[in-house]
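Fold and geometry: a report
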Amino acid sequence: MSKKGWPALSYTADFVKEYDAVKDSSGGEHPCVNRKIRLAVISGVLTEGHSNSESFGGMLSHLDRNIFEVTYLLLVEPTYAHQGIAHFTKVHHQDKVYSWAKNEQLDAANGGAWPLRWGKDIAKWELDIILYPDLTMSNLARRLGMMRLAPVQVNTNGHPVTSGHDRSVIQYFIAWAAAELPLEEAQTHYTEELKLIPSNIVHQYYKRRIVPNSLISRMDFQQFGHLERSDFDLPDDKHIYLSMQKPFKISPEFDKLACGIITKDQDGLLVLHRADSQANQNVFERRLAKAGCQISRIIFLNQQPHHRLLALYREATVILDSYPAGGCTTTREVIEMGKALVTWPARLLGGRWTVGYLNSIGLKEATKKALIASNAEEYINLAVTLANDDNLRKYVEADILASSSNLFEQQKAVDEWQKMLLEISPYQRCAQSGNKDEL
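On a predicted model such as this, the values are computed, not experimentally measured, just so you know.

1. A look at the overall build of the protein chain
Within the protein chain, the secondary structure is distributed over 16 helices and 14 strands. Taking 439 residues into account, the globule formula puts the C-alpha radius of gyration at 22 Å, and the protein chain, at 23 Å, falls close to it. C-alpha extents for the protein chain along the principal axes are approximately 75 × 50 × 40 Å. In the protein chain, buried positions account for 55% of the 439 residues. Partitioning the contacts of the protein chain with sequence separation of at least 6, the portion at a separation of at least 24 is 71%. Of note, the protein chain has its 49 positive side-chain charges centred 2 Å away from the centre of its 52 negative side-chain charges.

Written as structure tokens, this is what we have:
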């Protein structure tokens, strides 16, 4: 539909056409270059504090600048216009950093095809690889992704959904084997060729969300050690089942799980994120009631400052991973806090990050057995068992806390991404200058 509506966006840069011609004439061999590989990272949410900046920033800032020439481009969406570009983009002085916004006066006459202006400017950079961390999350990135602006273009899991574009336009989707189904089955979920970071390597170079050796949030630099249940108007004598995913991420499938838990555990209360408007909150509550919840046993909280969210994790009895769209950044926070988190891995990547983390940080088999469900009934039973068995919960929490360090600041993740990017690069770096195929 987009191609039919904006045919001008089916654009291929001239230098990419020339690359294709050379590659075809050489039998598909990648020519070598005696220069750095030109990599651009283009995103609509490359902003400070955004979950995708938190996920990708460590890896991107640790890539070897002797190998890669890196350009960052933030496409300024109205939703994020008040936020600045992420700090990690400025770690290396030689990196090029841009923020582009629509020019209403210049672009209004071109309708939805106006991003072609941007595409032609990007084409002048003659990039080797464009990495879209979250192509389907941004309206602007989505339209740029319709164009072929580099020989190799990559989609990945900042928004864990295929681009839907033909493989000649977006060639690859990079994901993580630990969070995917077996490759042959997982490949059916993508139009791109699926490339996987190995399951025995943590997916990214993640930074802790808590200042080391403290009870201070790294996101807002506020202490949270003094906060208790009473600060959230939560009773001390109840099991608190917590899921603070925003309601747009909470589907009816999860309603049945959450309601099943507090139906089975009469000493349990459910704590959920309040919707962004009263009208949406009314719909949310009606849906939960239909799923069998006693609304009087659900406490709805507004979005919390980060330090209060960390305290809320700590004060909860059991954390519930949402289904079928699960947590990613939130899961890492829960692991860092050493809290028990029940998950039911879904079919698609967006519901499998938690199981990937739990399976890759060195947890004991008994811990994983207590946290990872294979069906709805088991999900309910695991949560209720953890809440009611203090010894089991303490065992699980101690194991998670002891293993949590294996999730953070893993150089091997950078090494694997670097290896992957060089593998898919349209050019190889020449072993020595003077090679006859050198460009």
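Having seen the structure, we can now continue with the description.
2. Quick word on the sheet that holds strand E13 (residues 341-342)
Strands sit in the order E11-E10-E9-E12-E13 across an open sheet of five strands; the sheet is parallel. The sheet is open, and its two borders are formed by strand E11 (298-301) and E13, each paired with just one other strand. Where strand E10 (residues 268-273) lies against E11, four bridges are found, and the strand directions are parallel. Counterpart to Leu-272 in the pairing with E11 is Phe-300.

3. Things to note about the nonpolar core
Within the largest apolar cluster, 91 residues are counted, with the highest numbers of intra-cluster contacts made by Leu-60, Tyr-241, Leu-270, Leu-320 and Tyr-379. With seven residues, the single largest contributor to this core is helix H14 (residues 376-388). Of all hydrophobic cores here, the second largest spans 29 residues; its members include Val-16, Trp-100, Ile-122 and Tyr-132.

4. Some words on helix H15 (residues 390-403)
Taking 1.5 Å as the rise per residue, H15 with 14 residues should run 20 Å; its terminal C-alpha atoms sit 20 Å apart, in good agreement. Taken together, the buried positions of H15 are occupied by Arg-393, Val-396, Glu-397, Asp-399, Ile-400 and Ser-403. Down the axis of H15, the smallest arc covering the buried residues is 160°, so these residues share one side. For H15, the exposed residues lying more than 90 degrees away from the buried face are Asn-391, Lys-394 and Ala-402. Packing partners of the buried residues in H15 comprise helix H11 (329-337), helix H13 (365-371) and H14.

5. Examining the side chain of Asp-134
Within the element layout of this structure, Asp-134 appears in the loop between strand E5 (129-132) and helix H6 (139-144). Notably, Asp-134 is buried but unbridged: the nearest opposite-charge side chain belongs to Arg-142, and the N-O separation is 10 Å. Those residues in contact with Asp-134, other than ones at most four positions away along the chain, are Ser-43, Gly-44, Val-45, Asn-52, Gly-158 and His-159.

6. Concerning the sheet that holds strand E3 (residues 68-75)
Taking strand neighbours across the sheet as the criterion, the seven strands line up as E4-E3-E2-E5-E6-E7-E8 in an open arrangement whose pairing is parallel. Of all the strands in the sheet, just strand E4 (96-100) and strand E8 (193-197) have a single pairing partner and so form its edges. On average, each strand axis in the sheet is tilted by 25° relative to the strand beside it, whichever way the strands run. Across seven bridges, strand E2 (residues 37-43) lies against E3 in parallel orientation. Paired with Arg-38 across the two strands is Glu-69, which belongs to E3. Its contacts with the sheet put helix H16 (residues 411-424) on E2, E3, E5, strand E6 (152-156), strand E7 (172-176) and E8, and the angle it makes with E8 is roughly 150°.

7. Comments concerning the state of the cysteines
If you walk through the whole model with that rule in mind, you get two disulfides. Across the disulfide, Cys-32 is cross-linked to Cys-430 (sulfur-sulfur distance 2.1 Å). Every disulfide takes its handedness from the sign of the S-S torsion; for Cys-32 and Cys-430 that torsion is 90°, giving right-handed. Pair noted here: Cys-32 is in strand E1 (residues 32-33) and Cys-430 is in the segment after strand E14 (428-429), with a separation of 398 residues, a long-range link. Neither residue differs from the other here; Cys-32 and Cys-430 are each classed as buried. Look at the protein chain and number its bonded cysteines as they come in the sequence; the links are 1-4, 2-3.

8. A few points about the pattern of salt bridges
Evaluated as defined, the whole model comprises 16 salt bridges. Among the salt bridges present, the one from Arg-218 reaches Glu-54, with a minimum N-O distance of 2.4 Å. In this pair, Arg-218 is assigned in the loop between E8 and strand E9 (239-243) and Glu-54 in helix H3 (residues 51-62), connecting sequence segments 164 residues apart. Among the residues examined, Arg-218 registers a relative accessible area of 18% and is labelled buried. For Glu-54, a relative accessible area of 12% puts it in the buried group.

9. A short note on H16
For H16, with 14 residues, the first-to-last C-alpha span of 20 Å sits near the 20 Å given by 1.5 Å per residue. By the burial criterion, the buried members of H16 are Ala-413, Val-414, Glu-416, Trp-417, Gln-418, Met-420, Leu-421 and Ile-424.

10. Comments concerning the packing of H11 against helix H12 (residues 353-360)
Close contact between H11 and H12 brings their axes to 9 Å; oriented N to C, the two are set at 35°. Two packed elements cross with a definite hand, and for H11 against H12 that hand is right-handed. Within the contact between the two elements, H11 uses Thr-331, Arg-332 and Ile-335 and H12 uses Thr-354, Tyr-357 and Leu-358. Across the contact of H11 with H12, the residue classes tally to three nonpolar, two polar and one charged.

11. What about a negative patch on the surface?
Taken together, the side chains of Glu-228, Asp-231, Asp-233, Asp-236, Asp-237 and Asp-267 present a region of like negative charge at the surface. Among the secondary structure elements, Asp-267 is positioned in the loop between helix H8 (252-264) and E10. On the accessibility criterion, Asp-267 (41% relative accessible area) is partly exposed.

12. Observations concerning unusual backbone geometry
Comment: phi is negative for the bulk of residues other than glycine, and the bulk of peptide bonds are trans. Here the residue pair Tyr-323 and Pro-324 is connected by a cis peptide bond, since its omega of 0° sits within 30 degrees of zero. Positionally, Pro-324 belongs in the loop between strand E12 (318-320) and H11. Non-glycine residue Asn-213 carries a positive phi angle of around 60°. Position of Asn-213 among the secondary structure elements: in the loop between E8 and E9. Phi at Glu-409 takes a positive value of approximately 50°, unusual for a residue other than glycine.

Each value, and the rule that gives it
Sequence order as written defines the numbering, with residues in each chain counted from 1. Note on the predicted model: pLDDT of at least 70 is required for a residue's local features to be given, and 80 or more for side-chain atom pairs to be given and counted; whole-chain, interface and lining totals, by contrast, use all residues. Hydrogens are left out, water is left out, and the side-chain values use all remaining heavy atoms of the structure. Going along the chain from the N terminus, every DSSP run of H or I of four or more residues is numbered as a helix, and every run of E of two or more is numbered as a strand. In this description the radius of gyration comes from C-alpha coordinates, and the expected globular size is given by 2.2 Å times residues to the power 0.38. Only protein chains enter the accessibility calculation, which uses a 1.4 Å probe. A residue is then buried if its area is under 20% of the maximum for its type, exposed if over 50%, and partly exposed in between. Note on contacts: a residue pair is in contact if any heavy atoms of the two residues lie within 4.5 Å. When charges are counted, neither His nor the chain ends are considered; positive counts come from Lys and Arg and negative counts from Asp and Glu. Note on charges: their place is set at NZ of Lys, CZ of Arg, CG of Asp or CD of Glu. Paired strands are those between which DSSP finds at least two bridges. As used here, the term nonpolar core means buried Ala, Val, Leu, Ile, Met, Phe, Trp, Tyr and Cys residues forming a set that is joined through side-chain atoms within 4.5 Å. Here, expected helix span is obtained from the residue count minus one, scaled by 1.5 Å. To be clear, the arc concerns the directions from the helix axis to the C-beta atoms. Salt bridges are defined as contacts in which a side-chain nitrogen from Lys or Arg sits within 4 Å of a carboxyl oxygen from Asp or Glu. Lines fitted to the C-alpha atoms define the axes, with helices restricted to the stretch that makes contact. Angles between their N-to-C directions range from 0 to 180 degrees. Here, two cysteine sulfur atoms that lie within 2.5 Å of each other are counted as a disulfide. The hand of a helix crossing depends on one turn: near helix anticlockwise from the far one by less than a right angle means left-handed, and clockwise means right-handed. Charged means Asp, Glu, Lys or Arg here, nonpolar means Ala, Val, Leu, Ile, Met, Phe, Trp, Tyr, Cys or Pro, and polar covers whatever is left, Gly included. Only residues whose relative accessible area exceeds 30% and that form no salt bridge are eligible for patches; like-charged ones are grouped when within 9 Å, while nonpolar side chains (Val, Leu, Ile, Met, Phe, Trp, Tyr) are grouped when within 5 Å. Residue burial considers only the protein chains on display, and all accessible areas are found by Shrake-Rupley using a 1.4 Å probe.

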